[in-house]
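Analysis of the macromolecular model
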Amino acid sequence: MSILLVRHGETPLNASRVLQPPNTPLSERGSAQARAVGERLASTQLAGVLASDLRRAYETAGPIAAAHGLPIQTSPLLHERNFALLRGLPYDTMGYNPIEMEGAPPGGESMPEFLARVARAFEAMVALRARLSGPLAVVSHGLVIKSILRHHVHLPDGMPPPERIGNTSVTV
């Protein structure tokens, strides 16, 4: 049972290390990356495409779905962690790493809340894949994919999850 985890393409804000608002579009480079990952996966016999409905993930899922003539199913469970009032701020101006903070930023999601949501997303992915006749591509966000790899995927002994999930990387 294959699930392909794909991180969205580059945006102007993630390239400049800014916490992104929900509706951040892909940059020109990100759009090119999305087309390239669509071409890369064109020979894969995908049976479904599931994506975060945040713009950058949905735009990345477009070329993947188009290459297979599939619709894009969306789920808010696949959203990036909600940093609420911190969105739009450069990482370097905060004096701490917001990605690793356990507590909730004002109006946002704590790490335990985020991990619980990702667990529900993973369950939904596995259930969807079980109903399909082939692999499922899931387009989401870096923290979501890292969380899935750390908490839900059994990696071989001695193989840690990757420290960085690059834009339009594909993890099977």
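Model, not experiment: these values are computed from the prediction.

So, about the pattern of salt bridges. Side-chain pairs of opposite charge can arise whenever the charged atoms involved come near each other. All told, the structure shown has three salt bridges when counted by the stated rule. Note that Arg 29 and Glu 10 form a salt bridge whose closest N and O atoms lie 3.8 Å from each other. Of this pair, Arg 29 sits in helix α2 (residues 28–40) while Glu 10 sits in the loop between β1 (3–7) and α1 (12–15), and the two are 19 residues apart along the sequence. A residue is classified by how much of its surface remains accessible, and Arg 29, at 54% relative accessible area, is exposed. With a closest N to O distance of 2.8 Å, Arg 117 and Glu 109 form a salt bridge. The exposure class assigned to Arg 117 is buried, which follows from its relative accessible area of 9%.

Within this structure, the stated rule accounts for zero aromatic pairs. The lysine or arginine in question, Arg 17, covers the ring of Tyr 91, its NZ or CZ lying 4.4 Å from the ring centre.

Spatial ordering of the open sheet is given by β3-β2-β4-β1-β5, a layout of five strands whose pairing is mixed. A single partner strand is all that each edge strand has here, and the edge strands are β3 (72–74) and β5 (170–171). Relative to strand β4 (residues 136–140), β1 runs parallel, the two sharing five bridges. The residue bridging Leu 5 from the neighbouring strand is Val 138, located in β4.

Before going further, it helps to spend a moment on the side chain of Arg 7. The topology assignment puts Arg 7 in strand β1. Buried and unpaired, Arg 7 has no salt bridge, with Glu 80 as the nearest side chain of opposite charge at 6.1 Å. Non-local contacts of Arg 7, meaning those with residues more than four positions away in its chain, are made with Asn 14, Thr 60, Ser 140, His 141, Gly 142, Ile 145, Ile 165, Gly 166, Asn 167, Thr 168 and Ser 169.

Turning next to the nonpolar core. Counting 26 residues, the largest nonpolar core has Leu 5, Leu 19, Leu 50, Leu 78, Met 125, Val 138 and Ile 148 as its most contacted members. A per-element tally of this core places helix α4 (residues 111–131) first, with seven residues. Those residues within four positions of Leu 78 in sequence are excluded, and the remaining contacts are Leu 50, Ala 51, Ser 52, Arg 117, Ala 121, Met 125, Val 138, Val 139, Ser 140, His 141 and Val 144. Listed in part, the 14 residues of the second largest apolar core include Val 6, Leu 41, Ala 57 and Ala 65.

With respect to the helices and strands, Thr 24 occurs in the loop between α1 and α2. According to the relative accessible area criterion, Thr 24 is buried, its value standing at 5%. A polar contact is formed between the side chain of Thr 24 and the backbone oxygen of Pro 21, at a distance of 2.8 Å.

Scoring rules and cut-offs
- Residues numbered from 1 in each chain as written.
- Predicted model: local features only at pLDDT ≥ 70, side-chain atom pairs only at ≥ 80, totals over all residues.
- Heavy atoms only, no water.
- Salt bridge = Lys/Arg side-chain N within 4 Å of Asp/Glu carboxyl O.
- Helix = DSSP H or I, 4+ residues; strand = E, 2+ residues; numbered from the N terminus.
- Buried < 20%, exposed > 50% of the residue type's maximum accessible area, 1.4 Å probe, protein only.
- Phe/Tyr/Trp six-rings, centres within 6.5 Å; stacked < 30°, edge-to-face > 60°.
- Lys NZ or Arg CZ within 6 Å of the ring centre and 35° of its normal.
- Pairing = 2+ DSSP bridges.
- Lys, Arg positive; Asp, Glu negative; His and termini not counted.
- Contact = heavy atoms within 4.5 Å.
- Core = buried A, V, L, I, M, F, W, Y, C linked by side-chain atoms within 4.5 Å.
- Polar contact = N/O pair within 3.5 Å; in protein donor to acceptor, adjacent residues only side chain to side chain.

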